[in-house]
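# Observations on chain architecture
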Amino acid sequence: MNILITGGSGYLGQFLVHGLAEQGYTVHYTYGSRQLASAPAGVVAHKVDLATGEGLAQAFEQTPFHAVVNCAAISQPALCETEPDKARAVNVPSFLVDCLLRQEQARGGLRALLVHISTDQVFDGSRALWKEEEAGRPVNVYGKSKLEAEEHILARLPEPHPVAVLRSSIIYGPPAPDPVPRPLFLQFVASAVSNPDKPTAFFADEYRSPVHVQDLCRLTQLLIAAHGQKLEAQQQPQGQGAAAAVVPRKAAEALAPGELAAVAARRHRVYNAGGPERLSRVDMARQVADCLGCGHGSIESVPSASVARGVVSPPDISMDISRLQTDLGFRPAAFRDAIRDILLPPAGK
Ligand SMILES: NC(=O)c1ccc[n+]([C@@H]2O[C@H](COP(=O)([O-])OP(=O)(O)OC[C@H]3O[C@@H](n4cnc5c(N)ncnc54)[C@H](OP(=O)(O)O)[C@@H]3O)[C@@H](O)[C@H]2O)c1
């Protein structure tokens, strides 16, 4: 199976590029400015400008894609405020949807699965534990562009186009194989709470449902494998020429029995893909400090209104993830457990 990761040079994108290549998929990725030095052998890089679409159509002309994971975005809310037009041009993936529709016409009806990575910032933050159907009224340019992206995709790729919108919360995990040009959430918190000389302010009234990068990868892998099996079953005996899809054996073996059945029978197109908890930023900092055994002395609990950030940040965008659990049977890791493995990896890992 041929998989395209847009924004493969970004934080989440890199884990997907490495993870899917490791499972035996043929992986292509797009980058804007930073081609990956760490890309495994056989992975194909495409330089694109997603604000103009430049380079994207060529990638689709060269290769039939069975699944596309759209990770590319201007993902920093403050940057979106200063460059709203560019943020909208990149974050609303109109050129990508054009390519998917053209591919379907040009390649005998080949419909690629689109896994689109969205955000909890599509919610306005006025209360806790949002459900999927409650999205709307985002409070900043980033959230507005991401909500428009969801609406654009769902309108232009209606059923039976295979689409999964995954709304992520703060993504945490180990450093990416290639460095990314911004501070990483967990590593920033770990460094701050373990510095006894300088207290760091954490917001007591801003709630999120942080999610482990490996959970997002695993969920995406499940969706791709389930789609691949569907394509395999639909293939004529002689196959669809160059578009024949086969789920790699290693990817199939990585699945627990029955795991794929729930994903293959999914009833929804939009999922809150956060972690299982509602945590304030102070809660997260305390859990990181507990994990590192360094006490809470460097954690200063403050209201979010006490710091000017140049962007409105929604107070409570914790998410209810029961759809993820009941419809897909997917259970992401708790923050406290996952950070232990990342910050204190067992010997030999
Ligand atoms: N990180 C989080 O905590 C978080 C939370 C919720 C949702 N999300 C969503 O999750 C997805 C992945 O986030 P991330 O943090 O991994 O993103 P990231 O590290 O900021 O990476 C963004 C990617 O988009 C590419 N890109 C940006 N502008 C481009 C352009 N004009 N043309 C081509 N490529 C362009 C970048 O390419 P180059 O770097 O090569 O230029 C990079 O590969 C995003 O959709 C984001 O909105 C992230």
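Our subject is the structure that appears above.
Source: prediction; values computed, not measured.

So, how was this worked out
- Residues numbered from 1 in each chain as written.
- Predicted model: local features only at pLDDT ≥ 70, side-chain atom pairs only at ≥ 80, totals over all residues.
- Heavy atoms only, no water.
- Helix = DSSP H or I, 4+ residues; strand = E, 2+ residues; numbered from the N terminus.
- Expected span 1.5 Å × (residues − 1).
- Buried < 20%, exposed > 50% of the residue type's maximum accessible area, 1.4 Å probe, protein only.
- Arc of directions from axis to C-beta.
- Pairing = 2+ DSSP bridges.
- Axes fitted to C-alpha atoms, helices over the stretch in contact; angles between N-to-C directions.
- Contact = heavy atoms within 4.5 Å.
- Core = buried A, V, L, I, M, F, W, Y, C linked by side-chain atoms within 4.5 Å.
- Near = heavy atom within 4 Å.
- Polar contact = N/O pair within 3.5 Å; in protein donor to acceptor, adjacent residues only side chain to side chain.
- Areas by Shrake-Rupley, 256 points an atom, 1.4 Å probe, with all protein chains shown as cover.
- Nonpolar A, V, L, I, M, F, W, Y, C, P; charged D, E, K, R; others polar.
- Phe/Tyr/Trp six-rings, centres within 6.5 Å; stacked < 30°, edge-to-face > 60°.

Its 13 residues give helix H5 (residues 94-106) an end-to-end C-alpha distance of 18 Å, which sits within 8% of 18 Å, the value for a rise of 1.5 Å per residue. Taken as a whole, H5 has its buried residues at Leu-96, Val-97, Cys-99, Leu-100, Gln-103 and Glu-104. Across the axial projection of H5, the buried residues extend over an arc of 155°, all falling on one side. Of the exposed residues in H5, those oriented more than 90 degrees away from the buried face are Gln-105 and Ala-106. Where H5 ends, the next residue or the one after it, Gly-108, has phi of about 60°, a positive value.

A separate point is the sheet that holds strand S5 (residues 113-119). Pairing is parallel in the open sheet, where 7 strands are placed in the order S3-S2-S1-S4-S5-S6-S11. At either margin of the open sheet sits one strand with a lone partner, and together these are strand S3 (44-47) and strand S11 (270-273). On average, adjacent strands in this sheet sit at an angle of 20° to one another, irrespective of strand direction. The pairing of strand S6 (residues 163-168) with S11 spans 4 bridges and is parallel. Across the sheet, the residue bridging to Val-165 is Val-270, located in S11. Docked against the sheet, helix H1 (residues 11-22) engages strand S1 (2-6), strand S2 (26-31), strand S4 (67-70) and S5, running at close to 165° with respect to S1.

Attention now moves to the nonpolar core. Counting 50 residues, the largest nonpolar core has Ile-3, Ile-5, Tyr-25, Val-69 and Ile-224 as the members making the most contacts within it. In terms of residue count, helix H8 (residues 213-234) provides more of this core than any other element does, 10 residues in total. Counting 24 residues, the second-largest nonpolar core is a separate cluster that includes Phe-65, Ala-72, Ile-74 and Ala-87.

With that settled, the discussion passes to the site of the ligand. The environment of the ligand is formed by 28 residues, the closest being Ser-9, Ser-33, Ser-75, Tyr-142 and Arg-182. In this structure, Ser-75 approaches the ligand through a side-chain N or O atom, which is 2.7 Å from an oxygen atom. Taking Tyr-142, its side chain carries an N or O atom lying 2.6 Å from an oxygen atom of the ligand. Burial of the ligand by the protein chains amounts to 88% of its free accessible area of 900 Å². Sorting the residues of the shell around the ligand by element identifies H1, S5 and helix H6 (141-156) as the ones contributing at least two each. The leading source of residues in the shell around the ligand is S5, at 3 residues. In terms of residue class, the shell around the ligand is built from 14 nonpolar, 10 polar and 4 charged.

What follows covers the packing of aromatic side chains. Applying the stated criterion across every chain yields a total of 6 aromatic pairs. Arranged with centres 4.9 Å apart and planes meeting at 80°, the rings of Tyr-172 and Phe-335 form a pair that is edge-to-face. On the criterion of sequence distance, the pair formed by Tyr-172 in strand S7 (residues 171-172) and Phe-335 in helix H13 (residues 335-343) is long-range, its members being 163 residues apart. Here the two residues Tyr-172 and Phe-335 agree in accessibility, since each one is buried. When the ring of Phe-188 is compared with that of Phe-202, the centres are 6.5 Å apart and the planes differ by 55°; the resulting orientation is tilted. Of this pair, Phe-188 sits in helix H7 (residues 185-193) while Phe-202 is found in strand S8 (residues 200-203), placing the two residues 14 residues apart along the sequence.

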